[in-house]
Amino acid sequence: MKVLKFGGTSVGTPQRMKDVVKLISDGEQKIVVLSAMSGTTNSLLEICDYLYKKNPEGAYEVINSMEKKYKKHIAELYTTDEYKTITLEFIKQEFDYLRSFAKGIFTMFEEKIIVGQGEIISTNMVANYMAEQGYNSCLIPALEFMRTDKNGEPDLEYISKKLKVQLEENPDKEIYITQGFICRNAYGEVDNLQRGGSDYTASLIGAAIGASEIQIWTDIDGMHNNDPRFVDKTSPIGHLHFEEAAELAYFGAKILHPTCVQPAKFAGIPVKLLNTMAPEAPGTVISNETEKNKIKAVAAKDNITAIRITSSRMLLAYGFLRKVFDIFESYKTSIDMVCTAEVGVSVSIDNTNHLSAIVDELKKFGHVEVDKDMCIICVVGDLDPDNVGFEAQATNALAGIPVRMISYGGSNHNISFLIHESDKKKALQSLSDHLFNNK
Ligand code: ADP
Ligand code: ASP
Ligand code: MG
């Protein structure tokens, strides 16, 4: 069985929902994971923001305008009065439920419930449409089987077992629709898999059922060789290794949620990135195969902070690096890049919640410098050391841009550069021109 995930823009209008239904109805049995309609999760977070600020009027305003929009969608999506009425009633209940949060205390528990409603709404809308049109489909609620454990990691055994129950309770259906993004935590409370987490849902479901393929349908024809939001003349990549895709996703290629690669990789299930607006385009296949001798793509991750600790006294001493890393570990702050020299070590982090405490502790070991507003540029491909000159090609493309750190050799798939965020666009464009466009 295949798992297909459709993102916010793919279900962003009633017409797009109809297009998705056409696309998934090919007679093959499948699980379809849907995101919220685009813009909805942001609006839900805006509601939460008002409620945290004890401004119910602000929340009501957003809720009312959302409700108006959804009523219009319903009028466009359904042809029969029966399904218009059923779905209008459902929408009314949903928005009344959202209004009910304006009274009483508001905490992160309520917030988690609210932000998940976008997926509940979109899946019910599509499931009702499919029922109206006579498709052999049903809705299976993600909150019945998606769960994380006490460490916040997906509980794949539980997911597998409970999903099986859902499928067995609805035998002989062609299409099973479910919500991306939402789950329960180890205590049974409503939770989610972080922004953009519907990709993760699809990958986890794929791994749980041993799917033959996981398809991530979005608004672009696969992973491009550079970020199309910042760079001209990017083009789609036909094939990526799981490791390459993971690096690109982690280092900013928004098309794929960073956590999504791991479950598929462990289960050995190929992932395809496809375009809902151009379904015939080949897209990108992510699998265990490596395409040799090629630099594949570039991505950028913002909001990076660099920290350098210099100490002529300490660095050569046995155990110095461990002490430095222990400090980051004790503040649950992960390190992205590391560069060492005889007299110092530089690291980069993206979570600055505990920056000042970390810096205070590091000062016990040497002089500490902090650079904010940095960005990691990550060049991905077959960067095996035997490919002589590949790293030089990347470095040459960045001539003229101040580089704070370079990391190469951690894997055979990546070379990373730490630069100022203000140089990001220029660096990405220059890398595209030099590496892919023969300029
Ligand atoms: P969805 O809502 O379907 O999950 P996203 O907005 O999360 O879609 O991801 C798709 C977007 O990712 C594209 O519209 C594109 O702007 C952006 N993107 C960033 N980097 C890349 C890349 N390297 N290749 C393709 N798309 C990228
Ligand atoms: N709707 C959620 C978000 O906007 C999850 C997703 O789209 O993947 O982040
Ligand atoms: Mg996404």
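Calculation criteria
- Residues numbered from 1 in each chain as written.
- Chains lettered and ligands numbered in written order.
- Predicted model: local features only at pLDDT ≥ 70, side-chain atom pairs only at ≥ 80, totals over all residues.
- Heavy atoms only, no water.
- Core = buried A, V, L, I, M, F, W, Y, C linked by side-chain atoms within 4.5 Å.
- Buried < 20%, exposed > 50% of the residue type's maximum accessible area, 1.4 Å probe, protein only.
- Helix = DSSP H or I, 4+ residues; strand = E, 2+ residues; numbered from the N terminus.
- Contact = heavy atoms within 4.5 Å.
- Axes fitted to C-alpha atoms, helices over the stretch in contact; angles between N-to-C directions.
- Parallel < 35°, antiparallel > 145°, perpendicular 65-115°, else oblique.
- Left-handed = near helix turned anticlockwise from the far one by under 90°.
- Nonpolar A, V, L, I, M, F, W, Y, C, P; charged D, E, K, R; others polar.
- Near = heavy atom within 4 Å.
- Polar contact = N/O pair within 3.5 Å; in protein donor to acceptor, adjacent residues only side chain to side chain.
- Areas by Shrake-Rupley, 256 points an atom, 1.4 Å probe, with all protein chains shown as cover.
- Phe/Tyr/Trp six-rings, centres within 6.5 Å; stacked < 30°, edge-to-face > 60°.
- Lys NZ or Arg CZ within 6 Å of the ring centre and 35° of its normal.

Asks: Help me out: how do you make sense of the nonpolar core in this one?
Replies: A general tendency of soluble globular proteins is for nonpolar side chains to be buried together. Phe6, Ile47, Met146 and Leu256 are the most contacted members of the largest nonpolar core, which totals 97 residues. Residue contributions to this core peak at seven residues, all from helix H3 (residues 56–77). Excluding anything up to four places from it in sequence, Met146 contacts Ile159, Ile182, Cys183, Arg184, Leu193, Thr201, Leu204 and Ile205. Counting residues in hydrophobic clusters, the runner-up holds 21 residues, among them Val231, Ala397, Ile415 and Leu431.

Asks: Could you clarify how one ought to interpret the packing of helix H2 (residues 40–52) against H3 in this entry?
Replies: When two helices pack together, you describe them by how their axes are tilted relative to each other and by the distance separating the axes. Running from amino to carboxyl end, H2 crosses H3 at an angle of 160°, the nearest separation of the two axes being 7 Å. The angle between H2 and H3 places the two elements in the roughly antiparallel class. For the crossing formed where H2 meets H3, the hand is left-handed. Counting all contacts with H2, which are made through Thr40, Ser43, Leu44, Glu46, Ile47, Tyr50 and Leu51, the residues of H3 involved are Pro56, Gly58, Ala59, Val62, Ile63, Met66 and Tyr70. Here the contact of H2 with H3 is composed, by residue class, of 10 nonpolar, three polar and one charged.

Asks: What should I look at first to understand the site of ligand 2 in this one?
Replies: Contacts to ligand 2 come from Ser35, Thr41, Glu119, Phe181, Arg195, Gly196, Gly197 and Ser198. Thr41 has a polar side-chain atom sitting 2.8 Å from a nitrogen atom of ligand 2. Measuring from an oxygen atom of ligand 2, one finds a side-chain N or O atom of Arg195 at 2.7 Å. When the free accessible area of ligand 2 is taken as 260 Å², the share hidden by the protein chains comes to 87%.

Asks: Help me out: how do you make sense of the site of ligand 1 in this one?
Replies: As a structural note, the neighbourhood of ligand 1 is formed by 16 residues, with Lys5, Thr218, Asp219, His224 and Lys254 the closest of them. At 2.8 Å from an oxygen atom of ligand 1 is found a side-chain nitrogen or oxygen belonging to Asp219. Between His224 and ligand 1, the recorded distance is 2.8 Å, taken from a backbone N or O atom to a nitrogen atom. For ligand 1, whose accessible area on its own is 570 Å², the fraction buried by protein is 85%. Here the residues of the shell around ligand 1 are counted per class, giving five nonpolar, six polar and five charged.

Asks: Explanation requested: the packing of aromatic side chains in the structure shown.
Replies: Aromatic rings considered in pairs are described by the distance between their centres and by the relative angle of their planes. Per the stated rule, a full pass over the model turns up seven aromatic pairs. Pairing Phe6 with Trp217 gives two aromatic rings, centres 5.7 Å apart and planes at 15°, and the pair type is stacked. Here Phe6, found in strand E1 (residues 2–6), pairs with Trp217, found in strand E7 (residues 213–218); they are 211 residues apart in sequence, far enough to count as distant. There is no split in this pair, since Phe6 and Trp217 are both buried. A centroid spacing of 5.9 Å and a plane angle of 45° characterise the contact between Tyr70 and Phe95, whose relative ring orientation is tilted. Of this pair, Tyr70 sits in helix H3 while Phe95 sits in helix H4 (residues 81–100); the two residues are 25 residues apart in sequence, bridging distant segments of the chain. By relative accessible area, which is 2% here, Tyr70 ends up buried. The exposure class assigned to Phe95 is buried, which follows from its relative accessible area of 0%. When the ring centre of Tyr250 is taken as reference, the NZ or CZ atom of Lys301 above it lies at 3.7 Å.

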